[in-house]
Amino acid sequence: HHRMLKDSCEDMSVLGESLPCLKLEAFRDGDSVFDGAGSLASREVQYDQLTTMLHQEERDSYRCCDYLQNYPSAFDDDALSQGEKSINEACRTSIAEWMYRVVDHFRVDREVVAIALSYIDRVLSENHCADRRAFKLISSASLHLAMKIHSPNKWKDIGKLIPDLSQGDFAIEDLVGMEMEIVKSLTWLLNPATARGISVHMLSLLEMEFPSSILNKVASTAIFFVELSVCDYSFITMRKSAIAIASLLNATERDIDVQLRMKKVLNDIGCRIDWYEISFARERLWALHKQTYLASTRRSRTSFSMPDIPNTAEFPSPRSSHRFPGM
C-alpha cells in the first residue's frame, strides 16, 4: 500500500549526511580518475569511504521496490483514456536518456543523473504517481534538486531553463513545489551512494598495485556499464554495490590480473556478494551494451528538449485534479 507524500519531514540536520566521496567532476573522453598519486594513507581513506557507502545501501531509506507493478500493464493501459494513462518502463528510460543529454550539453557531471534517478525511484517506491505528465514534473524537479546539491556552480543557470525544456508542460512554480514534496518524501536523505562512486572507490584500493593508465581504462569502461544500468528499470531493486561489481567484472574481463585482485579486495572489505545477482547484472549489462552499440548511429546527441513520453497528449496540467498527490 503506497502512502501519499508526507506533510512533515525529519530534522533538517539529516541534510548534512553527506558521504565522503570523490569530488564530482565530469568524466568524459580523455578525463582521468586516477593520477598515480595513491598512497597507504589515501588507501585507508578510500577504504573507510567505501565501507560507509556499503553500510548506507543496506538502510531501508535508500532501497527501492518494483513500483511499476502497482500500475496497469500495457494491455490494461490500452483500455484507459489519455488522461488516465500510467507510467511504464519506457517512460523512465526516456527521462533518463533526456537527463544525460541535458547534463552533457551543459557539461554537468553525469553522476547527477544517477542521483536524480535515485530520488525518482525512492519517491515512487513510497508514493503513487497520477499520470505521465506528473512523472515529467517529478523527474524535472529531481534533476533540478540533484544539480542544486551536487553541481551548485551550474544549477542556477540551468535550473531556470528546465521549465522551458518541458515544452510548456509546467511552470517554475510547479517545479519548486514538487521539489519540496520530493525533499519531504526522501526525509532529506539526498546523498545516496551510487554504483559509480562505489566502483571508483573499489578501484582506488588498487592504485598502489597497478599503473594509473590501466585503472583509468577500467574505470572508463566500468562507468559506461554503470550508466547503462542507470537507464534500465530492471536494476532499481538491486544493490548499487552489486551493479558496481558487475560493471567492474565486465570491464576487466580481459584484464585477469586486475579482476583477480579486485575479487581479493571484495573479500578484504567484507562486501556482501550475491553471485547470482551479479551474474544476472553482468548478462543484462552486456545485453544493454549490444543494444546501445546498435542504436548509436541513430541517436541524436544535440537535442535535449523534454522527451515525448508515449501517449502523453491531452494530459491534464500539474495543477489539475490528476496532479501528483500531496501538491
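Report on the accompanying structure. (Residues numbered from 1 in each chain as written. Predicted model: local features only at pLDDT ≥ 70, side-chain atom pairs only at ≥ 80, totals over all residues. Heavy atoms only, no water.)

## Observations concerning the overall build of the protein chain
So, step 1. Along the backbone of the protein chain there are 13 helices and zero strands.
So, step 2. If you list the helices and strands of the protein chain from N to C, you get α-α-α-α-α-α-α-α-α-α-α-α-α.
So, step 3. Burial status across the protein chain gives 51% buried among its 327 residues.
So, step 4. For the protein chain, the share of sequence-separated contacts (at least 6 apart) that also reach a separation of at least 24 residues comes to 85%.
So, step 5. When the accessible surface of the protein chain is summed, it comes to about 15500 Å², and 51% of that surface belongs to carbon and sulfur atoms. (Helix = DSSP H or I, 4+ residues; strand = E, 2+ residues; numbered from the N terminus. Buried < 20%, exposed > 50% of the residue type's maximum accessible area, 1.4 Å probe, protein only. Contact = heavy atoms within 4.5 Å. Areas by Shrake-Rupley, 256 points an atom, 1.4 Å probe, with all protein chains shown as cover.)

## Here's the deal with the nonpolar core
Most often, soluble globular proteins keep nonpolar side chains buried together rather than apart.
So, step 1. Core analysis: the largest hydrophobic core is formed by 49 residues, its most contacted members being Ile87, Met99, Leu124 and Leu143.
So, step 2. Every element with two or more residues in this core is listed here: helix H3 (89–105), helix H4 (111–126), helix H5 (132–150), helix H7 (162–165), helix H8 (172–185) and helix H10 (212–231).
So, step 3. Looking at this core element by element, the count peaks at ten residues for H4.
So, step 4. Residue contacts for leucine 143: discarding those within four places in its chain leaves Trp98, Met99, Val102, Val103, Val112 and Ala116. (Core = buried A, V, L, I, M, F, W, Y, C linked by side-chain atoms within 4.5 Å.)

## Structural notes on H3
One full turn of an α-helix is made of 3.6 residues, so residues set three or four places apart face in the same direction.
So, step 1. If you check H3, its first and last C-alpha atoms are 25 Å apart, about what 17 residues at 1.5 Å a residue would give, namely 24 Å.
So, step 2. The complete set of buried residues in H3 reads Cys91, Arg92, Ile95, Ala96, Trp98, Met99, Tyr100, Val102 and Val103.
So, step 3. In this structure asparagine 88 caps H3, since a side-chain oxygen of it lies 3.1 Å from the backbone nitrogen of alanine 90.
So, step 4. Arginine 107 lies just past H3 and shows a positive phi near 55 degrees. (Expected span 1.5 Å × (residues − 1). Polar contact = N/O pair within 3.5 Å; in protein donor to acceptor, adjacent residues only side chain to side chain.)

## Digging into empty space enclosed by the protein
So, step 1. Evaluated as defined, the whole model comprises one cavity of 30 Å³ or more.
So, step 2. In this structure, the largest cavity encloses a volume near 40 Å³.
So, step 3. Together, Tyr100, Arg110, Glu111, Ala114, Arg196, Val226, Glu227 and Val230 line the largest cavity.
So, step 4. Within the residue set of the lining of the largest cavity, elements represented by two or more residues are H4 and H10.
So, step 5. The biggest single contributor to the lining of the largest cavity is H10, with three residues.
So, step 6. Tallied by class, residues from the lining of the largest cavity come to four nonpolar, no polar and four charged. (1 Å grid on protein atoms, 1.4 Å probe; cavity = no way out; pocket = protein on both sides within 12 Å on 5 of 7 lines; lining within 4 Å. Points joined across faces, edges and corners; volume = space filled by probe spheres on them. Nonpolar A, V, L, I, M, F, W, Y, C, P; charged D, E, K, R; others polar.)

## Description of the packing of aromatic side chains
So, step 1. Following the criterion strictly, the structure yields three aromatic pairs and no others.
So, step 2. An angle of 85 degrees between the planes, with centres 5.5 Å apart, marks the rings of tyrosine 67 and tyrosine 233 as edge-to-face. Here tyrosine 67, found in the loop between helix H1 (40–56) and helix H2 (74–77), pairs with tyrosine 233, found in the loop between H10 and helix H11 (240–251); they are 166 residues apart in sequence, far enough to count as distant. No difference in accessibility class separates tyrosine 67 from tyrosine 233, as the two residues are buried. (Phe/Tyr/Trp six-rings, centres within 6.5 Å; stacked < 30°, edge-to-face > 60°.)

## Overview of the packing of H5 against H8
Two quantities define a packed helix pair, namely the angle between the helix axes and the distance between the axes.
So, step 1. Axis separation between H5 and H8 bottoms out at 9 Å; the angle between their running directions is 75 degrees. Comparing their axes, H8 and H5 come out roughly perpendicular. For the pair H5 and H8, contact is made by Leu137, Ile138, Ser140, Ala141, Ser142, His144, Leu145 and Lys148 and by Asp174, Leu175, Met178, Glu179, Ile182 and Val183, respectively.
So, step 2. The class makeup of the residues in the contact of H5 with H8 is eight nonpolar, three polar and three charged. (Axes fitted to C-alpha atoms, helices over the stretch in contact; angles between N-to-C directions. Parallel < 35°, antiparallel > 145°, perpendicular 65-115°, else oblique.)

## Notes on the state of the cysteines
So, step 1. For the structure on display, the rule yields zero disulfides.
So, step 2. In this structure cysteine 91 is not part of a disulfide, and its nearest cysteine sulfur, from cysteine 129, lies 8.7 Å away.
So, step 3. A relative accessible area of 0% places cysteine 91 in the buried class. (Disulfide = S-S within 2.5 Å.)

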